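Breakdown of the fold
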Amino acid sequence: MNNPVVIVGAGLSGLRAASLLTAQGIECRVLEARDRIGGRVLSIADPNRPDLGKFDLGPTWFWPQYESTITNLIKEQNLGTFVQYTKGEMLSERFPNEPPERYILPENSGARSIRFIGGVQSLIDAVAGTLPPGIVELETRVKAIRLEAGAITLEADLADGKRKNVSARTVILALPPRIVARHIEFSPALPPDLMTELVNKPTWMAGQAKAIAIYDRPFWRESGLSGFVSSWVGPLQEIHDASPPTGSGALFGFFGMPVMMRRELGEDKVLKLVIDQLVRLFGPSAKNVSSILYKDWSRDSETAVEEDFNPLRDYPSYGQPPEEGIWEKKIIFAGTETNSHFGGHLEGALQAAEQAVFEIINLNNRSL
C-alpha cells in the first residue's frame, strides 16, 4: 500500500490541500502543532458576550473583484458575507495633542473589501467539514523529516510528551517558510540556497499585533464617522470598523508600535494606550468597552521567529522556493508566502494549496 501524502500545517492552505486531495481519492494526513485548526486565522468571541459573534484577530477581508479562487470557494460552500462598513468620514491623526482631522474619501477610492459572517473561521470550518474524520491530527508538532533510501519519515512530538513517526510518499509544508527553516530538522539537510531563501522570506503578520475594542453599538456612525483612521501618533496606526452586520459595534486596529516596545510595556499598558487613543479619536463613548481582544502574533511560536520582529518596510517578494537536490518532488511548499501574486492574502493560501495538489497529481500520473 502506498504511504499517504502528509501535510504539515492545518491553516487554510493545508486544509484546502487536504480537501482537494481527498476529492481526488488521494490519501492524506494533516499534522498540526497547535491545539486548533486555522493557523493565522483566529476568530474569537467576546468572553463577556459570546452572543455578539466572533471577531477576527488574524486576516479579516477578501476582495472578490480581484480574488476569484476564494470567491468561488465561498459560493461553493454557501458562506455568508457582508461588505466592510466605510460610510462616513475618515479621521487622520497627524500630531500629538492636536485633534484629528476629518476627511471625506472620494467614492470608490478603494477596492471594496468583504468580510465573513462569523469571521474567517467560518471559511476554515467549512473547508475542514469537507474532510473525513481523523485526517487532521492536532498537537502533533513535526520536528524532523528524514529521507532514507527514497522513503520519507516525519518525526513528531505529541502533547503527552511522546514522539511518533509518520511515513509519507510526499510532504506538503503548509507553514511559513521561516518556521520550516527554524523548527524542522531535515536529514539530509536542505540545500543551502533553499535554506537561505526560506529564512529570507518574511512571515506575513508575524511581527504584527491586533486589538479589537467591542461596544454595545457602533456609536461613531452616529457622528458620521466610518471608523477608518490613519494615525501617525499611535499606538494603532490604522483603525477600521470591525462591527458585525447587526447588533454590537467594534473597532480594530493594527499597531505601528514595534515588537520590542510592546513587550517592554506589557499587554495591560499597551491596551490602556489603545483605549486612550480611541477616546482621543472618537470621544468619551469609546471608554465604554464591553471587552477588548488582543493578539500579538510575534509571541505566537507557530507563526513568528526572531527574524520577524523587525517591521516590514516594503511588501515582501513572495513565491515558490527553488526546488533542487535530493528533496525535489519529495517536499512541496504551500502557504500564502509561496504564492507570487497574492502572497499574504487568504487568496494566496488557497492558490498555493491548488498548486501543491496539482504537483501531487502530476507526480501520481508519472508513477502510473
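Each residue is numbered by its place in its chain's sequence as written, counting from 1. A pLDDT threshold of at least 70 governs which residues receive local features in this predicted model, and a stricter bar of 80 or more applies before side-chain atom pairs are shown or counted, although totals over entire chains, interfaces and linings include all residues. Side-chain metrics rest on all non-hydrogen atoms present in the structure, leaving aside hydrogens and water.

Quick look at the sheet that holds strand β18 (residues 249-255)
- Strands pair, by our definition, only if DSSP identifies at least two bridges between them. Helix and strand assignments come from DSSP, with helices taken as H or I runs of at least 4 residues and strands as E runs of at least 2, each series counted from the N terminus. The strand order across the open sheet built from 7 strands is β7-β6-β16-β17-β18-β15-β19, with neighbouring strands paired in mixed fashion. Since the sheet does not close on itself, it has two edges, and those belong to β7 (101-103) and β19 (291-296), each with one partner. Going across the sheet, the axis of each strand differs from the next one's by a mean of 20°, ignoring polarity.
- Pairing of strand β15 (residues 209-215) with β18 involves 6 bridges; the strand directions are antiparallel. Each bridged residue has a counterpart across the sheet, and for I212 the counterpart in β18 is F252.
- By definition in these notes, contact holds between two residues if any of their heavy atoms fall within 4.5 Å. Structural elements are reduced to axes, namely lines fitted to C-alpha atoms, with helices fitted over the stretch in contact, and the angle between N-to-C directions of any two is expressed from 0 to 180 degrees. Relative to the sheet, helix α7 (residues 267-282) contacts β6 (89-93), β15, β16 (225-231), β17 (236-241), β18 and β19, its axis offset from that of β19 by approximately 125°.

Here's the deal with unusual backbone geometry
- Residue P188 is reached from S187 by a cis peptide bond, and omega for that bond is -5°.
- Residue placement: P188 occurs in the loop between β14 (185-187) and α5 (192-199).
- One non-glycine residue, E139, lies in positive phi territory at about 50°.
- Its place among the elements puts E139 in the loop between β9 (136-137) and β10 (140-148).
- One non-glycine residue with positive phi stands out, namely M205, at about 75°.
- In this fold, M205 is placed in the loop between α5 and β15.

Describing empty space enclosed by the protein
- With a 1 Å grid spanning the protein atoms alone, the term cavity applies to any set of points in which a 1.4 Å probe fits but cannot get out, the term pocket to an open set with protein on both sides within 12 Å along at least five of seven lines, and the term lining residue to any residue with an atom within 4 Å of a point. Grid points are joined across faces, edges and corners, and a volume is the space filled by probe spheres set on the points. Applying the stated criterion across every chain, the model contains 2 cavities of 30 Å³ or more.
- Lining the largest cavity are L194, P322, E323, E324, W327, E328, I331 and F333.
- The calculated volume of the second largest cavity comes to roughly 40 Å³.
- Every residue lining the second largest cavity is listed: A211, I212, A213, L236, I239, L251, F252, G253, V274, L278 and I292.
- Among the elements of the structure, β15, β17, β18 and α7 are those that each provide at least two residues to the lining of the second largest cavity.
- Across the lining of the second largest cavity, the residue classes tally to 10 nonpolar, 1 polar and no charged. Each residue gets one label: Ala, Val, Leu, Ile, Met, Phe, Trp, Tyr, Cys and Pro are nonpolar, Asp, Glu, Lys and Arg are charged, and the others, such as Gly, are polar.

What about the environment of S243?
- You can see S243 is positioned in the loop between β17 and β18.
- Put simply, S243 and Q84 are 159 residues apart on the chain and 8.9 Å apart in space, counted from C-alpha to C-alpha.
- When residues no more than four places from it in sequence are discounted, the contact partners of S243 are F82, R115, P218, W220, R221, S248, G249 and A250.
- Separated by 2.7 Å, the side chains of S243 and D241 make a polar contact. Polar contact criterion, stated in full: a pair of N or O atoms within 3.5 Å, where within protein one must be able to donate a hydrogen and the other to accept it, and residues adjacent in sequence count only if both atoms are side-chain atoms.

Structural notes on the packing of aromatic side chains
- The criterion for an aromatic pair is that two Phe, Tyr or Trp rings (for Trp, the six-membered ring) have centres within 6.5 Å, with stacked assigned to planes under 30 degrees apart, edge-to-face to planes over 60 apart and tilted to the rest. Applying the stated criterion across every chain yields a total of 12 aromatic pairs.
- When the centroid spacing of 5.5 Å and the interplanar angle of 85° are considered together, the rings of F186 and W327 count as edge-to-face. Highlighted residues: F186 in strand β14 and W327 in the loop between β19 and β20 (331-333), separated in sequence by 141 residues.
- The class for F186 is buried, based on a relative accessible area of 9%.
- Relative accessibility thresholds used throughout: buried, under 20% of the residue-type maximum; exposed, over 50%; partly exposed, between the two (1.4 Å probe, protein chains only). Given a relative accessible area of 2%, W327 falls into the buried group.
- Plain terms: the ring middles of F252 and F254 are 5.3 Å apart, the flat faces sit at 85° to each other, and that makes the pair edge-to-face.

Re the side chain of E155
- Structurally, the position occupied by E155 is in strand β11 (residues 151-158).
- For E155, a relative accessible area of 15% corresponds to the buried category.
- Reaching out from E155, the side chain makes a polar contact with the side chain of R146 at a distance of 2.8 Å.
- Excluding anything up to four places from it in sequence, E155 contacts R141, V142, K143, A144, R146, R163, K164 and N165.

Focus: the pairing of strand β1 (residues 5-8)
- Burial along β1 is two-sided: the face carrying V5 and I7 and the face carrying V6 and V8 are both buried.
- Pairing between β1 and strand β13 (residues 170-173): 4 bridges, direction parallel. Pairing of V5 across the sheet is with T170, part of β13.
- Where β1 and strand β2 (residues 28-31) come together, 4 bridges link them in parallel fashion. Within β2, the residue paired with I7 across the bridge is V30.
- Crossovers are described as right-handed under a simple rule: with the strands pointing away from the observer, the path leading from the first strand over the helix to the second runs clockwise. Tracing the backbone out of β1, into helix α1 (residues 12-23) and back to the parallel element β2 gives a crossover that is right-handed.

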